[in-house]
Amino acid sequence: MDFNQSYRSFVLAVAQNPSIKQLVLTRGRNFARRFIAGDTLEEALQAVEALERDRIHAILDLLGEMVTSEAQARQFQREIIRLVQALGERPYPRYVALKLTQLGLDISEDLAFSLMEEILGEARQVGCFVRMDMEDSPRVDATLRMYRRLREAGFENVGVVLQSYLKRTEQDLQALIPLKAPVRIVKGAYKEPPEVAFQDKRLVDAQFVLLCKKALESGLYTAIASHDPRIIQEIKRWTAQMGIGPDRFEFQMLYGVRRDEQKKLAAEGYTVRAYVPYGTDWYPYFSRRIAERPENLLFVARSLIQG
């Protein structure tokens with residue numbers, strides 16, 4: 001296991017400590033705002049407007065995951081539909097991300113499917129695309145089954161995410177090619193055992209580039225979700241060499257991360273989207289962001305010490 005993987009495993013384990021969680025929730029909120037647009041939909045829409053001024057589009061995500069009751073799932077669905085309808089009243093590209101465990105996937109796949117059908121129906125009316133985020137490895141099969149069911153039900157305005165650190169992902173991508181599935185390629189942010197996930201960062205990065213190229217060669221519209229300048233440069237070089245135009249892919253980055261690079265890519269004519277999360281259930285998402293880079297942990301530690 002390399003340093004990056006060891007660091008991530010350590011941070012994600014520490015983040016589960018109730019005392020640490022309470023400390024961050026009470027004193028780390030200001031730092032969290034670096035990565036999170038705010039608590040409310042209204043704050044998130046203000047962030048969208050600011051991004052659009054820089055020709056950067058937004059992916060709006062109401063934070064929340066792993067609900068334990070149908071009532072919670074239905075409440076999240078209502079809020080997501082409210083988000084979709086609010087986007088429908090604005091002139092910007094409409095794009096929403098969600099997690100299926102937010103909609104009760106762990107309770108019942110049929111429940112999650114029913115709630116997704118209603119969300120996608122509302123989204124279709126206003127020209128909104130919905131991306132189903134990929135969660136940890138035990139939920140990959142259920143998420144891919146859900147995608148297939150939704151496509152069979154006639155929904156085209158939905159996409160999936162594939163994680164390059166999972167050893168199964170190349171096979172999963174191959175299975176999605178006949179569906180012409182719009183895919184987002186990410187590295188992966190969950191703590192996974194070596195039986196299912198690559199532990200060496202260099203191998204994860206190499207798999208990421210391989211998956212992006214394979215998806216593009218297969219004609220899939222591909223969202224390249226990376227902040228790594230070497231990966232971004234390689235995709236730019238390779239697509240130019242292969243004659244793959246910028247209309248066939250886009251770059252996606254996190255809200256609050258490498259803002260200058262986002263502006264630069266947009267100015268160069270690439271489609272750029274920033275993943276804009278909002279909501280009060282921000283701790284799990286925030287923990288994964290801290291686990292990505294030691295610099296983030298140092299920053300939040302200073303913030304907590306300074307109050």
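It should be emphasised that the depicted structure is a prediction, and the values quoted were computed from it without experimental measurement. (Residues numbered from 1 in each chain as written. Predicted model: local features only at pLDDT ≥ 70, side-chain atom pairs only at ≥ 80, totals over all residues. Heavy atoms only, no water.)

A few words now on the UniProt feature "binding site: substrate" (unreviewed entry) in the chain. What UniProt calls "binding site: substrate" (unreviewed entry) maps, in this numbering, to Lys-99, Arg-288 and Arg-289. Taking the annotated residues in turn, Lys-99 and Arg-288 line the second largest cavity. Structurally, Lys-99 is set in the loop between strand 2 (94–98) and helix 6 (109–125). Take Lys-99: its relative accessible area is 7%, and that puts it in the buried class. Aside from chain neighbours lying at most four places away, what touches Lys-99 is Asp-61, Gly-64, Glu-65, Asp-133, Glu-135, Tyr-190, Tyr-275 and Arg-288. If you trace the backbone, Arg-289 turns up in helix 12 (residues 283–292). On the accessibility criterion, Arg-289 (6% relative accessible area) is buried. (UniProt positions renumbered as here; feature names shortened; annotations may be inferred. 1 Å grid on protein atoms, 1.4 Å probe; cavity = no way out; pocket = protein on both sides within 12 Å on 5 of 7 lines; lining within 4 Å. Helix = DSSP H or I, 4+ residues; strand = E, 2+ residues; numbered from the N terminus. Buried < 20%, exposed > 50% of the residue type's maximum accessible area, 1.4 Å probe, protein only. Contact = heavy atoms within 4.5 Å.)

A few words now on the packing of helix 5 (residues 70–88) against helix 6. Here helix 5 crosses helix 6 at 10°, and the two axes come no closer than 9 Å. In terms of orientation, helix 5 lies roughly parallel with respect to helix 6. Seen along the crossing, helix 5 lies across helix 6 with a hand that is right-handed. Within the contact between the two elements, helix 5 uses Glu-70, Ala-73, Arg-74, Gln-77, Ile-80, Ile-81, Val-84 and Gln-85 and helix 6 uses Leu-111, Leu-115, Glu-118, Ile-119, Glu-122 and Ala-123. Among the residues making up the contact of helix 5 with helix 6, the classes are represented as 8 nonpolar, 2 polar and 4 charged. (Axes fitted to C-alpha atoms, helices over the stretch in contact; angles between N-to-C directions. Parallel < 35°, antiparallel > 145°, perpendicular 65-115°, else oblique. Left-handed = near helix turned anticlockwise from the far one by under 90°. Nonpolar A, V, L, I, M, F, W, Y, C, P; charged D, E, K, R; others polar.)

Among the secondary structure elements, Thr-169 is positioned in helix 8 (residues 169–176). Residues within four places of Thr-169 in sequence aside, it is in contact with Leu-162, Gln-163 and Leu-211.

To continue, consider empty space enclosed by the protein. Under the defined criterion, the tally for this structure stands at 2 cavities of 30 Å³ or more. Roughly 30 Å³ of internal volume is contained in the second largest cavity. A breakdown of the residues in the lining of the second largest cavity according to their chemical character gives 3 nonpolar, 2 polar and 4 charged. (Points joined across faces, edges and corners; volume = space filled by probe spheres on them.)

Let's shift gears to the packing of aromatic side chains. Going through the model one piece at a time under the given rule, you end up with 4 aromatic pairs. Ring plane angle 90° and centroid distance 5.7 Å describe the contact between Phe-249 and Phe-251, whose orientation is recorded as edge-to-face. When its relative accessible area of 0% is taken as the criterion, Phe-251 is described as buried. One aromatic cluster is present, built from ring pairs that chain together Phe-249, Phe-251 and Tyr-270. One residue, Arg-149, lies across the ring of Phe-113, its end atom 4.0 Å from the ring centre. (Phe/Tyr/Trp six-rings, centres within 6.5 Å; stacked < 30°, edge-to-face > 60°. Lys NZ or Arg CZ within 6 Å of the ring centre and 35° of its normal.)

Counted by the stated rule, this structure contains 25 salt bridges. Across the pair Arg-139 and Asp-106 runs a salt bridge whose closest N-O atoms are separated by 2.8 Å. One end of the pair, Arg-139, is in the loop between strand 3 (128–132) and helix 7 (140–152); the other, Asp-106, is in the loop between strand 2 and helix 6, and 33 residues separate them in sequence. Lys-236 serves as the salt-bridge partner of Glu-268, at 2.9 Å between the closest nitrogen and oxygen. With Glu-268 in the loop between helix 11 (259–267) and strand 8 (272–278) and Lys-236 in helix 10 (residues 229–242), this residue pair connects regions lying 32 residues apart in the sequence. (Salt bridge = Lys/Arg side-chain N within 4 Å of Asp/Glu carboxyl O.)

Moving on, we come to the pairing of strand 2. With 4 of its 5 residues buried, strand 2 lies for the most part within the structure. Two elements, strand 1 (residues 57–62) and strand 2, share 2 bridges in a ladder whose sense is parallel. By the bridge assignment, Asp-61 is partnered in strand 2 with Ala-97. Note that strand 2 and strand 3 share 5 bridges and pair parallel. Opposite Tyr-95, over in strand 3, you have Phe-129 as the bridge partner. (Pairing = 2+ DSSP bridges.)

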